[in-house]
2 protein chains.
Amino acid sequence: VRVVIPLFDGMTMLDAVGPYEVLSRIPEAEIIVAAKIPGEVRNDMRSFALVADRWLDDIRDADVLVVPGGTATRALVYDQQLVEWIRAIHHTTTWTTSVCTGSLLLGAAGALEGLQATTHWLELDRLREFGATPSNERVVVQGKVITAAGVSAGIDMALTLAALLAGDQVAQAIQLSIEYDPQPPFRAGSPATAPPDVVDVVRRIALQRQGAAT
Amino acid sequence: VRVVIPLFDGMTMLDAVGPYEVLSRIPEAEIIVAAKIPGEVRNDMRSFALVADRWLDDIRDADVLVVPGGTATRALVYDQQLVEWIRAIHHTTTWTTSVCTGSLLLGAAGALEGLQATTHWLELDRLREFGATPSNERVVVQGKVITAAGVSAGIDMALTLAALLAGDQVAQAIQLSIEYDPQPPFRAGSPATAPPDVVDVVRRIALQRQGAAT
């Protein structure tokens, strides 16, 4: 299984690394990490960086495409080179997937037209711009397109995909290997369960950031 | 809050990136990512790399130390430079933490003597070598030392720590920001809940790898 993960400055690291830790453990998986220019790719908090090993334009096909999100996706939906590359790879894949606002890039590439899809809960409505119907599910499988909710949802998405690619037992063995037996100390992980004042705080901070960026 | 994360070749990426995505969202957190030599640090699967921005020896203190694990920790418990550095930083911290087999490095540095602690479930017994008592809890808080179970447990650990550092509301806002509302497709994340044949498979693969490494 040839898994391609495109990286870009301003991405959220966990969006890529969560699925990576799952998919890289599928027997005989080949993981390819690429960017427009290989080398250091800085994240959206600016305090941590990943390394892309390959040129994006050298990658012409993939069995699995995993598109991470991050604050940069807001601008990258207008990046013709990246969007066209995603569109071209999508035509070759068995599975096209996204984490968080990576779904906005899939949308810009036309891959979500007419589908149900998800993204970070703060950006759900934006999916309509790309002809998709927002879903409140954490992992949404539609034909060969799988979208995951915000950041940490990529782990759940990748375990679902591992089962589709290699069977339930392999997916369970991977889950056990990364000891994914989540026990969050709070029930605050979704706007449906978090205390309303916490939802307000996060929404307000997000709006301030958007204001500062425009 | 000054958070220091040491990186090393042969680490598990999610061990560092999981806590990073939580702790970096604490207001005014400063995250410092360091290695013996700054630059590219390749992970234990060899197919992905992180970037260390600072020299380990330039870092003399931390409010929070987060030590990731990975297959390299087996050898690194004998690495005097790294172990001495951890010991020295531990003397300056408010919180000393580890994810997965990062606890073996804390143990080698003498930080677990007389404490309950955890690590990846496959390595739990090794904690006794360092005077610690293995615990089956996912996150173990003992004085200022917090150890987390395998790989993905770093996210739960960091949310626990975020609440201790900045209060419950901040921790909940971070949990909501990374949409950490886990919904694994299987109940296979711990040896207590995974199907017995899956536990056997993972144990056998781990033993084969150890055999190959020695």
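Residues numbered from 1 in each chain as written. Chains lettered and ligands numbered in written order. Predicted model: local features only at pLDDT ≥ 70, side-chain atom pairs only at ≥ 80, totals over all residues. Heavy atoms only, no water.

Chemist: Requested: an account of the packing of helix α1 (residues 13–23) of chain A against helix α1 (residues 13–23) of chain B, with residues and values cited.
Modeler: Interhelical geometry of α1 of chain A versus α1 of chain B gives an angle of 145 degrees and a closest axis separation of 10 Å. Of the two possible hands of crossing, α1 of chain A and α1 of chain B adopt the one that is left-handed. Contact residues: Met 13, Leu 14, Val 17, Tyr 20 and Glu 21 of chain A in α1 of chain A; Met 13, Leu 14, Val 17, Tyr 20 and Glu 21 of chain B in α1 of chain B. Residues of the contact of α1 of chain A with α1 of chain B, tallied by class, amount to eight nonpolar, no polar and two charged. (Axes fitted to C-alpha atoms, helices over the stretch in contact; angles between N-to-C directions. Helix = DSSP H or I, 4+ residues; strand = E, 2+ residues; numbered from the N terminus. Left-handed = near helix turned anticlockwise from the far one by under 90°. Contact = heavy atoms within 4.5 Å. Nonpolar A, V, L, I, M, F, W, Y, C, P; charged D, E, K, R; others polar.)

Chemist: Which residues make up the side chain of Ser 98 of chain B, and what values go with them?
Modeler: Residue and element names in this part refer to chain B. Here Ser 98 shows up in strand β7 (residues 95–99). Accessibility expressed as a relative area gives 0% for Ser 98, which makes it buried. Among all residues touching Ser 98, those that are not within four sequence positions of it are Val 67, Ser 103, Leu 106, Ile 146, Thr 147, Ala 148 and Met 157. (Buried < 20%, exposed > 50% of the residue type's maximum accessible area, 1.4 Å probe, protein only.)

Chemist: Give me the lowdown on the relation of the copies chain B and chain A, citing residues and values where you can.
Modeler: Rotating chain B by 180 degrees and translating it 0.0 Å along the rotation axis places it on chain A, where the RMSD comes to 0.0 Å. Classification of the inter-copy transformation places it as that of a two-fold axis. When C-alpha positions in chain B are compared against the rotation axis, the closest is assigned to Leu 50 of chain B, at 2.2 Å. Same-surface contact between copies: 100% of interface residues of chain B are shared with the interface of chain A. (Least-squares fit on C-alpha atoms with pLDDT ≥ 70 in both.)

Chemist: Requested: an account of the sheet that holds strand β1 (residues 2–6) of chain A, with residues and values cited.
Modeler: Residue and element names in this part refer to chain A. Pairing in this open sheet of seven strands is mixed, and the strands run β5-β2-β1-β6-β7-β11-β10 from one edge to the other. Whereas interior strands pair on both sides, the edge strands pair on one side only; in this sheet they are β5 (54–55) and β10 (139–142). With four bridges connecting them, strand β6 (residues 64–67) and strand β7 (residues 95–98) associate as parallel partners. Opposite Val 64, over in β7, you have Trp 95 as the bridge partner. Helix α3 (residues 80–90) contacts β1, β6, β7 and β11 (145–148) of the sheet and is inclined by roughly 150 degrees relative to β6. (Pairing = 2+ DSSP bridges.)

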